[in-house]
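Read off the chains here:
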Amino acid sequence: MHILVLHGVNLNLFGRRDPTHYGTATLEDINRRLETLARELNVTMEAFQTNFEGAMVERVHRALDEDVNAVVINAGAWTHYSYAIADALAVLTVPKVEVHMSNVHAREAFRHESVLAKICAGSVCGFGIMSYELGFRAACALAAANIPQK
Ligand code: DQA
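None of the values given here were measured: they were computed from a predicted structure.

Moving on: the nonpolar core. Formed by 25 residues in total, the largest nonpolar core has its most connected members in Ile3, Phe14, Ile30, Leu34, Tyr132 and Phe136. Put simply, the parts of the chain that give this core at least two residues each are strand 1 (2–7), helix 2 (27–41), strand 3 (70–74), strand 4 (96–100) and helix 5 (129–145). Examining the composition of this core, we find that six residues originate from one element, helix 5, more than from any other. With residues near it in sequence (within four places) discarded, Ile3 still touches Val43, Thr44, Met45, Glu46, Ala70, Val72, Phe136 and Cys140. If you look at the next biggest cluster of nonpolar residues, it comprises 23 residues, including Leu4, Met56, Leu89 and Cys120.

Here it is as structure tokens:
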């Protein structure tokens, strides 16, 4: 089983960015933790980060022709307004799980809405790196269960 982990805009700055919301772990730390978890769960993973919306859309398009069984995505601020990324993800029929390091619902109003939520199986937020780990576990479980996705 292969899991695609997508990190969106500004997430390369984890570790140097607002530690009260995002802690001190870097993106490399997050990816290392997920790689360890992937080995534990006996799956493979690839992590991809970009600050360019079109590059993210194209990465999702490539996944259509790859053996990807589930997607974990933290789209950063794109979560709140990118219909382009939502539309691209909607074409992928594998389970998609939305994750956020911070508790977006306890923050500014613009972060309360996710345009990705409708096309994701579920979301995990507010637990720092653990949001990614829980989201990854959920993605693996959903892929293994083979439940048809929206
Ligand atoms: C974030 C939350 C978003 O609102 C924000 O724009 C981010 C990070 C999170 O992981 O908590 O860039 O996705």
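There is more to say after this.
In the Ramachandran plot, Asn10 falls in the positive-phi region, its phi being about 75° despite a non-glycine side chain. Tracing the backbone shows Asn10 in the loop between strand 1 and helix 1 (19–22). Relative accessible area serves as the criterion here: at 33%, Asn10 is assigned to the partly exposed category. Even without being glycine, Asn42 reaches a positive phi, approximately 65°.

A word on the packing of helix 2 against helix 5. The geometry of helix 2 relative to helix 5 is characterised by a closest axis approach of 10 Å and an angle of 30° between their N-to-C directions. By crossing handedness, the relation of helix 2 to helix 5 is classed as right-handed. The residues of helix 5 that touch helix 2, namely those facing Ile30, Arg33, Leu34, Leu37, Ala38, Glu40 and Leu41, are Ile129, Tyr132, Glu133, Phe136, Arg137 and Cys140. Each residue belonging to the contact of helix 2 with helix 5 can be placed in one class, and the counts come to nine nonpolar, no polar and four charged.

Running from N to C, helix 3 (residues 53–63) and helix 4 (residues 83–91) cross one another at 5°; their axes reach a closest spacing of 9 Å. By the angle between their directions, the pair helix 3 and helix 4 is classed as roughly parallel. Mapping the contact onto sequence places Glu53, Met56, Val57, Val60 and His61 in helix 3 and Ala84, Ile85, Ala88 and Leu89 in helix 4. For the contact of helix 3 with helix 4, the class distribution of residues is seven nonpolar, one polar and one charged.

Cut-offs and rules
- Residues numbered from 1 in each chain as written.
- Predicted model: local features only at pLDDT ≥ 70, side-chain atom pairs only at ≥ 80, totals over all residues.
- Heavy atoms only, no water.
- Core = buried A, V, L, I, M, F, W, Y, C linked by side-chain atoms within 4.5 Å.
- Buried < 20%, exposed > 50% of the residue type's maximum accessible area, 1.4 Å probe, protein only.
- Helix = DSSP H or I, 4+ residues; strand = E, 2+ residues; numbered from the N terminus.
- Contact = heavy atoms within 4.5 Å.
- Axes fitted to C-alpha atoms, helices over the stretch in contact; angles between N-to-C directions.
- Left-handed = near helix turned anticlockwise from the far one by under 90°.
- Nonpolar A, V, L, I, M, F, W, Y, C, P; charged D, E, K, R; others polar.
- Parallel < 35°, antiparallel > 145°, perpendicular 65-115°, else oblique.

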